[in-house]
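The chain contents come next:
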Amino acid sequence: MKYDFDSVINRRDTDSMKWDVEVNELPMWVADMDYITAPEILDALKERLDHGILGYPVIPGRWYDAYINWWKDRHDLAMKRESLVFCSGVIPAVSAMIRAFSLPGSNVLIEPPVYNCFFNIIKGNGRKVQESPLIYKNGAYERDFEELEKQMSDPETELMILCNPQNPTGNIWKKEELAKIGELAEKHGVKIISDEIHCDLTEPGMGYVPFAAASPVCADIGISFIAPTKAFNLAGLKTAAVYVCNEETREKVKKALDTDELSEPNAFASTAAIAAFEKGGPWLDGLREYISENRKTVYDFLHDELPQIHAVKGFATYLMWLDISGLKKDTDKFAAFLRKQTGLFLSPGVIFGQQGMDFLRMNIACPKSVLMDGLSRLKAGADEWMKKGEK
Ligand SMILES: Cc1ncc(COP(=O)(O)O)c(C=O)c1O
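Residues numbered from 1 in each chain as written. Predicted model: local features only at pLDDT ≥ 70, side-chain atom pairs only at ≥ 80, totals over all residues.

Description of the overall build of the chain
As a reminder, the rule being used: Think of it this way: any DSSP run of H or I at least four residues long counts as a helix, any run of E at least two long counts as a strand, and we number them from the N terminus. Restricting the calculation to C-alpha atoms gives the radius of gyration, and the globule rule supplies 2.2 Å times the number of residues raised to the power 0.38. Buried residues are those with 20 or more other C-beta atoms within 10 Å of their own C-beta, exposed residues have 12 or fewer, and partly exposed residues lie in between; C-beta atoms are placed from the backbone. A pair of residues counts as a contact when their C-beta atoms, built from backbone coordinates, are separated by no more than 7 Å.
A count of helices and strands for the chain gives 13 helices and 15 strands. Relative to the 2.2 N^0.38 estimate, which gives 21 Å for 391 residues, the radius of gyration of the chain is 21 Å and therefore close to what a compact globule would have. Principal axes of the C-alpha set define a box for the chain whose edges measure 60 × 55 × 35 Å. Buried residues in the chain amount to 47% of all 391 residues. Across the chain, the fraction of contacts at a sequence separation of at least 24, relative to all contacts at a separation of at least 6, is 74%.

Here we look at the domain arrangement of the chain
Rules: What fixes the domain bounds is an automatic or database domain assignment.
The domains assigned to the chain are domain 1 (26-39 + 281-387) and domain 2 (53-279). The C-alpha-based centres of domain 1 and domain 2 are spaced at 25 Å. If you look at the interface, domain 1 gives 28 residues, while domain 2 gives 30 residues. For the side of domain 1 that touches domain 2, the elements supplying multiple residues, two or more each, are helix H11 (281-305), strand S12 (319-323) and strand S15 (359-363).

Re the sheet that holds strand S14 (residues 347-348)
Rules: Two strands make a pair as long as DSSP finds a minimum of two bridges between them.
Read from one edge of the open sheet, four strands run S11-S12-S15-S14, paired in antiparallel fashion. Single-partner strands in this sheet number two, and they are strand S11 (310-311) and S14. Taken together, the two bridges between S11 and S12 define a ladder with antiparallel strand orientation. Looking at S12, one finds that Ala-311 is bridged to Leu-322.

Remarks on the packing of helix H12 (residues 331-342) against helix H13 (residues 368-387)
Filter applied, for reference: Axis lines are fitted to C-alpha atoms, over the contacting stretch for helices. Their N-to-C directions set the angle, which ranges from 0 to 180 degrees. Working definition: roughly parallel below 35 degrees, roughly antiparallel above 145 degrees, roughly perpendicular at 65 to 115 degrees, and oblique for all remaining angles. Should the near helix be turned anticlockwise from the far one by less than a right angle, the crossing is left-handed, and should it be turned clockwise, the crossing is right-handed. Each residue gets one label: Ala, Val, Leu, Ile, Met, Phe, Trp, Tyr, Cys and Pro are nonpolar, Asp, Glu, Lys and Arg are charged, and the others, such as Gly, are polar.
At a closest axis distance of 9 Å, the pairing of H12 and H13 adopts a crossing angle of 110°. Classed by the angle they form, the pair H12 and H13 counts as roughly perpendicular. Read as a crossing pair, H12 and H13 show a hand that is right-handed. Of the residues in H13, those touching H12 at Phe-334, Phe-337, Leu-338, Gln-341 and Thr-342 are Arg-377, Leu-378, Ala-380, Gly-381, Glu-384 and Trp-385. Per-class residue counts for the contact of H12 with H13 are six nonpolar, three polar and two charged.

Quick notes on the pairing of strand S4 (residues 128-131)
Our working definition: Whether a crossover is right-handed depends on one test, that the path from the first strand over the helix to the second runs clockwise when the strands point away from the viewer.
Two strands pair when backbone bridges link them, and strand S3 (residues 107-110) and S4 are joined in this way by four bridges, in the parallel orientation. Bridging from a neighbouring strand, Asn-107 pairs with Lys-128 of S4. In this fold, the crossover linking S3 to S4 by way of helix H4 (residues 116-124) has right-handed handedness.

Examining unusual backbone geometry
At the junction of Asn-164 and Pro-165, the peptide bond is cis and its omega measures out at -5° in the coordinates. A cis geometry characterises the amide bond from Asn-167 onward to Pro-168, with omega recorded as 20°. If you trace the backbone, Pro-168 turns up in the loop between strand S7 (157-163) and helix H6 (175-187). Positive phi is not limited to glycine here, since Asn-233 has a value of about 60°. Structurally, Asn-233 is set in the loop between strand S9 (222-226) and strand S10 (240-243). In this structure, Glu-261 takes a positive phi of about 55° despite not being glycine. As for its placement among the helices and strands, Glu-261 is situated in the loop between helix H9 (247-259) and helix H10 (269-279). C-beta crowding within 10 Å serves as the criterion here: with 10 such atoms nearby, Glu-261 is assigned to the exposed category.

Details of the packing of helix H3 (residues 90-101) against H4
Taken N-terminus to C-terminus, the directions of H3 and H4 make an angle of 40°; their axes are 10 Å apart at the nearest point. Relative to H4, H3 is oriented oblique. Here the hand of the crossing between H3 and H4 comes out right-handed. Mapping the contact onto sequence places Ile-91, Val-94, Ser-95 and Ile-98 in H3 and Cys-117, Ile-121 and Ile-122 in H4. Split into classes, the residues belonging to the contact of H3 with H4 amount to six nonpolar, one polar and no charged.

Structural notes on the nonpolar core
In plain terms, the rule: Note on definitions: a nonpolar core is a set of buried residues drawn from Ala, Val, Leu, Ile, Met, Phe, Trp, Tyr and Cys, linked by C-beta atoms within 7 Å.
Membership of the largest hydrophobic core comes to 121 residues, with the highest contact counts inside it found for Tyr-67, Ala-93, Ala-241 and Val-242. Considering every element that reaches this core, the biggest residue donor is H10, with seven residues. Three or more residues apiece are contributed to this core by two domains, here domain 1 (26-39 + 281-387) and domain 2 (53-279). In this structure, Ala-93 is in contact with Cys-87, Phe-225, Ala-240, Val-242, Leu-257 and Leu-262, ignoring residues within four places of it in sequence.

Examining the environment of Leu-262
The topology assignment puts Leu-262 in the loop between H9 and H10. Exposure remark for Leu-262: the 20 C-beta atoms within 10 Å place this residue in the buried category. Note: C-alpha distance between Leu-262 and Phe-86 (176 residues apart in sequence) is 8.3 Å. The residues contacting Leu-262, other than those within four sequence positions of it, are Cys-87, Ser-88, Pro-92, Ala-93, Ala-96 and Leu-257.

Digging into the sheet that holds S7
Spatial strand order, S2-S10-S9-S8-S7-S3-S4: seven strands in an open sheet with mixed pairing. Two strands lie at the open edges of the sheet, namely strand S2 (84-87) and S4, each paired on one side alone. The sheet shows a mean angle of 25° between the axes of neighbouring strands, direction not considered. Lying on the sheet, H4 is in contact with S3, S4 and S7; it crosses S4 at an angle near 135°.

In C-alpha cells:
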C-alpha cells in the first residue's frame, strides 16, 4: 500500500504546540511531524474510543509482545519481558531517573550539542550539567573518548545521558563506540541512560544499535528508553518504555516511576503502541523513504542555492543540523531575523548547548511542498541578511 505523505494537513487551531504561531509563520522547529499517523494505528484507537468506557487501564500482555517482537525483528535485540517497563513519556521518566540515580548537586554528563530538554531536567532537579562535547570535524561529529573519560572520572559524576541516535546531529553510534562508552562507564561507576526515542527513524537500509546490545557490560549498566512516539507521530499520547536488564537497577527504576506516577498508562497508550509495533512497519518504511528524499532535497537546495549554509550529514531523525557559520555566528539573532522577515521558525542551535552557536535545527518531517516553502524562506532570509551586511 502506498501511504500519503504529500497532503498538506491544516494544523492551525488544533491546539498544536508546533503550529501555535502567527498566520504567516511556518514552524519547522519542535520534533513533531506534519503527517497523519499510520491508518492502522488510527483504526485501533477508533475502536478503543468506540467502546466508550475510558477508565483506568492496565498494561496487557500484548504490549510486551509488541515491543519484544519489534526489537527482535528490527533491531536484533532479544528483550526479556521482565526487563521492560511502561512509562508515560521519555523525558518525565528520565527526569525521575536523575533523582533516583544521582545525588542533589552531583554531575549529570551529556554530550552537547544535544536535545535541549536534557539541560532543563538536569538543572531543574538541582544537578550540575557536565559536558563532554562532541567534536565537529570536517563537517561531521565524533566523540572525544579521552575527554569523555576525563569527565566520567570526576568522583561527582554518577550518571550520563546518551542520545542514541543523536538529536540534533543525526549521528548513529556504532557498536564499538557504545561498547567503549559502557567500558569507561563501568570503570568509573557511571550509569548510562540511553535515550533511543529516534531509533526507528534511520535512513532506509540503516539500523541502530541498542545500547543494551553493544556488550554485556552495556546491558548491565544501561537504562534504555524506547517508544513509538517519534517514529509514528504519537507524542501527544504519552506512551513509552524503559528497558533495564539489571534486576537491582530495575527495581529502583520501577520505584522511581511509581513514586512519580509515571507507570500509569492513559486509555490509549498501550493501544497505540501495540498497533504501531504490530502493524505500523510498512507505513514507517514509507515514511523513512519520504524523509530520506526530503533530506536529499535539503542537501541539493543548499548546495545549489545557498552554499553559505551547510547541512551536516545525518543518518537518523527527521531533524537537520544546519551550519550557518558562513553567514554569521549568532544563531539566536539569525533565527529571530529569519522568523521576523520570512515567518520561518527554526530552532536556534544554541538551545542545544553553546556548541550550537553556529547552527540552526530544521524539522523536515513535512510534505515536500511545505519543505520547499521552508527552503525558499530560508534563502530569502539569508539573502536579506547578507544584503544588509548583518553581523
Ligand atoms: C532525544 C529526545 N528524547 C525525548 C524526547 C521527548 O520524549 P517524550 O515526549 O516521550 O517525553 C524528544 C523529543 O523531541 C527527543 O528528541
